[in-house]
There are 2 protein chains.
Amino acid sequence: MTRTANNAAVPIELNAVIVAVADGEPYLLTGEGQGLPSGPFESGHRTLEQGLRAWARRKGARNLGYVEQLYTFADVGRTSAGCRSVSIGYLALVHDGDEALGTTWSPWYKHLPWEDHRDGKPRIIAQSIMPALAAWKNKASGAAEKRARAERIGIAFPSDVRQWNDELVLQRYELLWEAGLVAEAGRAKNGLGLPMPYDHRRILATAMARLRAKIKYRPVVFELLPPQFTLLQLQTTVEALAGLRLHKQNFRRLVETQRLVEETGAVTRGASGRPAKLFSFRRKVLQERAAAGTKLPRS
Amino acid sequence: MTRTANNAAVPIELNAVIVAVADGEPYLLTGEGQGLPSGPFESGHRTLEQGLRAWARRKGARNLGYVEQLYTFADVGRTSAGCRSVSIGYLALVHDGDEALGTTWSPWYKHLPWEDHRDGKPRIIAQSIMPALAAWKNKASGAAEKRARAERIGIAFPSDVRQWNDELVLQRYELLWEAGLVAEAGRAKNGLGLPMPYDHRRILATAMARLRAKIKYRPVVFELLPPQFTLLQLQTTVEALAGLRLHKQNFRRLVETQRLVEETGAVTRGASGRPAKLFSFRRKVLQERAAAGTKLPRS
DNA sequence: GTAATAGTGTCTTTCAGACAGTATGAC
DNA sequence: GTCATACTGTCTGAAAGACACTATTAC
């Protein structure tokens, strides 16, 4: 615990991927230049998370609900000036998306359009991505490297739709980045998707991957929903995050057997079609199953 | 991305939980004063992970295998001096445990003895923990708080052994900490388990929780094993990490159906009993199933 | 032979995936 | 009545959990 001379003292920067879902579309809050809202960690705060919350409140994004640390980067050359800084990425979920001055809600699939498979495989994959990746594969030096690239491509962008893995967001982003298909820091060229400054789009990919994995074993979706919701709203929100269409009946059975929700007695009115029951999240499950399933065969 | 005046520039400290398993017992590398090996992040390195690897190599702990970032803390008063520092926790797995100068391998269940359920529920739970937690519960002010405490206790330390959740390491540690049963920073008192300096035992609990969760869906156990191993060795290693006894036949079926290993042709010699086949990890699965199971019912 | 550990075969229960069908509103 | 959406019942096949059994070594 001794302090040495070359101990690097550096500024800390917080970057937050603040997510909201409205009308079945996921959005993220962006600040100046389409970038993630980011700011310095100030000495006044006791913990990083408190610093983030206070700073988000000041920025106008209502009280953050669920907050999770993503990753800490400390690479040189992260920022434009070339000076080193430490950047701590956060994922935050809110359910009321109002904008503050200088911020906008941006649909996250605008930045990563190949991730949305709700209406089948996006055209962009067959039209732009696969040909470009094939070319990149063929540029490889050596047969081994060529095979390795082919395998990575096959896993990230499988030809069979049923093999699409929604959690591989970061792997796909890095693959496209290596192949020169996505640009960072404004150099848009003919790149795919809307770029973001610095490495912010990579942080978004990290957040999306984490969130898609998390909704499968922790009830965090409810942080994105109002206190009362219909089962269809719940399903649509999950579909929006996963970028996949789900099987209605089986989804409902899943929700029911896990006892995630309870009826409120109220129903929707006015819409066309049969009115839907309104449900609320059973907060108790947060304690009941702090972690869900062991996959190990106990003796 | 503007630098403000109260932007806190602080030193970065790396803390690593370096894990090895020998003879079915998990160990962690400890430095001075039974603490985690820790050191400053030096300006010479390109990334945090590279800094960690270089520094671990210099400390003598052979090349780190699997490395994973755990969490970044920046609380005030973390260190003894009261000055703030940022601490980044890492989990690293190695399979050859040799010691460097000034370091020792310490069995991790010495620090968290209530986590080892391989020989049934540890005595310490019935003898010390449950009575003390009951007393702590009764000290609560108000019936609601009392009920909340009772519920937390019931989940963290269930009376039915079959309900024991091996992943709740951190929840249990924090529960015991709130109840004053584990001491930090040397004030051993009549606390449970071997203390570690600063918040290092909490970081160990975080690492254990992460590792126990991870082995269930990612093949990281193999980072702790030699290149060739028997199925029993594999099972014993998983049991050591999970702190649970597993069902032999079903464990083997799991390993087989997931095609995690392949026969090498060699067998063990000299031990009593039938010789066991030696297996090696099928590295291909790392690519095949970069992520394993979707739990969502796709349409 | 016995003791000790390695490995196989199979039964049962539970749960995920898929099907078709009925209910209740707006118009 | 039609249309649109909400909800229910049930079949099937694949795993998870648990049982008993055979195999190969050292002594």
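1. Side note on the packing of aromatic side chains
- Overall, the coordinates contain 10 aromatic pairs over all chains when judged by the stated rule.
- Note on Phe-157 of chain B and Trp-164 of chain B: the rings are 6.1 Å apart at their centroids and 55° apart in plane angle, and the pair reads as tilted.
- The exposure class of Trp-164 of chain B is buried, given its relative accessible area of 2%.
- Among the aromatic residues, ring-to-ring pairing joins Phe-222, Phe-229 and Phe-281 of chain A into one connected group.
- Lying over the aromatic face of Trp-164 of chain B, Arg-172 of chain B brings its terminal NZ or CZ to 3.8 Å of the ring centre.
- Above the ring of Trp-177 of chain B, the side-chain terminus of Arg-202 of chain B is found at 5.3 Å from the ring centroid.

2. Digging into the domain arrangement of chain A
Residues and elements named next belong to chain A.
- Considered domain by domain, chain A is made up of domain 1 (12–107), domain 2 (113–192) and domain 3 (225–288).
- On the domain 3 side, the residues contacting the 5 residues of domain 1 number 5 residues.
- Carbon and sulfur atoms make up 79% of the surface buried where domain 1 meets domain 3, a total of about 380 Å² over both sides.
- When residues of domain 1 are sorted by the area they lose upon contact with domain 3, Val-21, Gly-24 and His-95 head the list and together hold 76% of the total.
- Taken together, the connections running from domain 1 to domain 3 amount to 0 salt bridges.
- Where domain 1 packs against domain 3, one counts 0 residue pairs in polar contact (both at pLDDT 80 or more).
- By residue class, the composition of the side of domain 1 that touches domain 3 is 2 nonpolar, 2 polar and 1 charged.

Criteria and thresholds
Residues numbered from 1 in each chain as written. Chains lettered and ligands numbered in written order. Predicted model: local features only at pLDDT ≥ 70, side-chain atom pairs only at ≥ 80, totals over all residues. Heavy atoms only, no water. Phe/Tyr/Trp six-rings, centres within 6.5 Å; stacked < 30°, edge-to-face > 60°. Buried < 20%, exposed > 50% of the residue type's maximum accessible area, 1.4 Å probe, protein only. Lys NZ or Arg CZ within 6 Å of the ring centre and 35° of its normal. Domains from an automatic or database assignment. Contact = heavy atoms within 4.5 Å. Buried area = accessible area lost by both parts, 1.4 Å probe. Salt bridge = Lys/Arg side-chain N within 4 Å of Asp/Glu carboxyl O. Polar contact = N/O pair within 3.5 Å; in protein donor to acceptor, adjacent residues only side chain to side chain. Nonpolar A, V, L, I, M, F, W, Y, C, P; charged D, E, K, R; others polar.

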